[in-house]
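# Examining the three-dimensional arrangement
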Amino acid sequence: KQEVTQIPAALSVPEGENLVLNCSFTDSAIYNLQWFRQDPGKGLTSLLLIQSSQREQTSGRLNASLDKSSGRSTLYIAASQPGDSATYLCAVRSNDYKLSFGAGTTVTVRA
Amino acid sequence: EAGVAQSPRYKIIEKRQSVAFWCNPISGHATLYWYQQILGQGPKLLIQFQNNGVVDDSQLPKDRFSAERLKGVDSTLKIQPAKLEDSAVYLCASSDRILAFYEQYFGPGTRLTVT
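Below you will find a few notes about this structure. (Residues numbered from 1 in each chain as written. Chains lettered and ligands numbered in written order. Predicted model: local features only at pLDDT ≥ 70, side-chain atom pairs only at ≥ 80, totals over all residues. Heavy atoms only, no water.)

### Some words on the overall build of chain B
A count of helical and extended segments in chain B gives one helix and 11 strands. Listing every helix and strand of chain B by position from the N terminus yields β-β-β-β-β-β-β-β-β-α-β-β. Since a compact globule built from 115 residues should have a radius of gyration of about 13 Å, the 13 Å found for chain B is in line with a globular shape. Principal-axis analysis of the C-alpha atoms places the extent of chain B at approximately 40 × 25 × 25 Å. Counting over 115 residues, chain B shows a buried share of 46%. (Helix = DSSP H or I, 4+ residues; strand = E, 2+ residues; numbered from the N terminus. Rg over C-alpha atoms; globule rule 2.2 N^0.38 Å. Buried < 20%, exposed > 50% of the residue type's maximum accessible area, 1.4 Å probe, protein only.)

### Side note on the overall build of chain A
Scanning chain A for helices and strands turns up zero helices and 11 strands. When the helices and strands of chain A are read in sequence order from the N terminus, they spell out β-β-β-β-β-β-β-β-β-β-β. The principal-axis extent of the C-alpha atoms belonging to chain A is close to 45 × 25 × 20 Å. Across the 111 residues of chain A, 47% fall into the buried class. Look at the contacts in chain A between residues 6 or more apart in sequence, and 54% of them connect residues 24 or more apart. As presented, chain A carries roughly 5200 Å² of accessible surface, and 48% of it is formed by carbon and sulfur atoms. (Contact = heavy atoms within 4.5 Å. Areas by Shrake-Rupley, 256 points an atom, 1.4 Å probe, with all protein chains shown as cover.)

### Focus on the interface of chain B and chain A
Listed as interface residues are 20 residues of chain B and, on the opposing side, 20 residues of chain A. Our enumeration of links across chain B and chain A arrives at zero salt bridges. For the interface between chain B and chain A, the tally reads four residue pairs in polar contact (both at pLDDT 80 or more). Elements represented by at least two residues in the side of chain B that touches chain A include exactly strand S4 (31-37) and strand S10 (104-106) of chain B. Sorting elements by how many residues they give to the side of chain B that touches chain A places S4 of chain B first, with three residues. Tallied by class, residues from the side of chain B that touches chain A come to eight nonpolar, eight polar and four charged. (Salt bridge = Lys/Arg side-chain N within 4 Å of Asp/Glu carboxyl O. Polar contact = N/O pair within 3.5 Å; in protein donor to acceptor, adjacent residues only side chain to side chain. Nonpolar A, V, L, I, M, F, W, Y, C, P; charged D, E, K, R; others polar.)

### Here we look at the layout of surface pockets
The space that makes up the largest pocket amounts to roughly 530 Å³. Contributing to the lining of the largest pocket are 22 residues, with Lys1, Gln2, Leu99 and Ser100 of chain A together with Gln59 of chain B lying nearest its centre. Among the elements of the structure, strand S10 (99-101) of chain A together with strand S5 (44-50) of chain B are those that each provide at least two residues to the lining of the largest pocket. It is S10 of chain A that contributes the most residues to the lining of the largest pocket, three residues altogether. A per-class count over the lining of the largest pocket returns seven nonpolar, eight polar and seven charged. There is about 460 Å³ of room inside the second largest pocket. Forming the boundary of the second largest pocket are 23 residues, of which Gln38 of chain A together with Gln37, Ile38, Leu39 and Gly40 of chain B lie nearest the centre. Residue assignment for the lining of the second largest pocket shows that the elements contributing at least two residues are strand S9 (86-94) and strand S11 (105-110) of chain A together with strand S9 (88-95) and strand S11 (110-114) of chain B. (1 Å grid on protein atoms, 1.4 Å probe; cavity = no way out; pocket = protein on both sides within 12 Å on 5 of 7 lines; lining within 4 Å. Points joined across faces, edges and corners; volume = space filled by probe spheres on them.)

Laid out in structure tokens, this is it:
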């Protein structure tokens, strides 16, 4: 069974600092990995999706890397802003197409 | 393109009552998912449909939860009878395997409180 872990559970940084969010998974036989953002009381917004054959994906200030062999993905957010405050969730789709979520990292960016 | 629609947004019921949630996925998306998200946890998959067939319902508490997607479009999730531990946000998502490698798009969710 795929287990997905996100560390740390919470993170607080001053505005302008770069954010590094970690996601680890136990089974490297994955189809893809997706990063989501969740604002309080809202649904999930897709940020980036990385196919198993890819090493990274970029969108604006966001960059996600994938190291399948070590079971890790990292989401980098450059030059953080207060609007980046949210919970970030990592979801791994295994080769049997089942999806497993981590518990998320709650980010607070202080102005 | 319209997103995933869910209703109601909020629901408060007493334990042992029944409740139903509705979801309309993005047009053309064959795959539909229902998730349960308890406060402080990641979403847990309850059931996955491919068109109107069930692909995975291994984590659905079938003694009290049921779901259907009769025409392969919108879907209903029902809880009967509800327990206190069912208090959670119920999220619906959809994806298109062919065009988007199963990238999922989520609705706003329904927040259920069982008292």
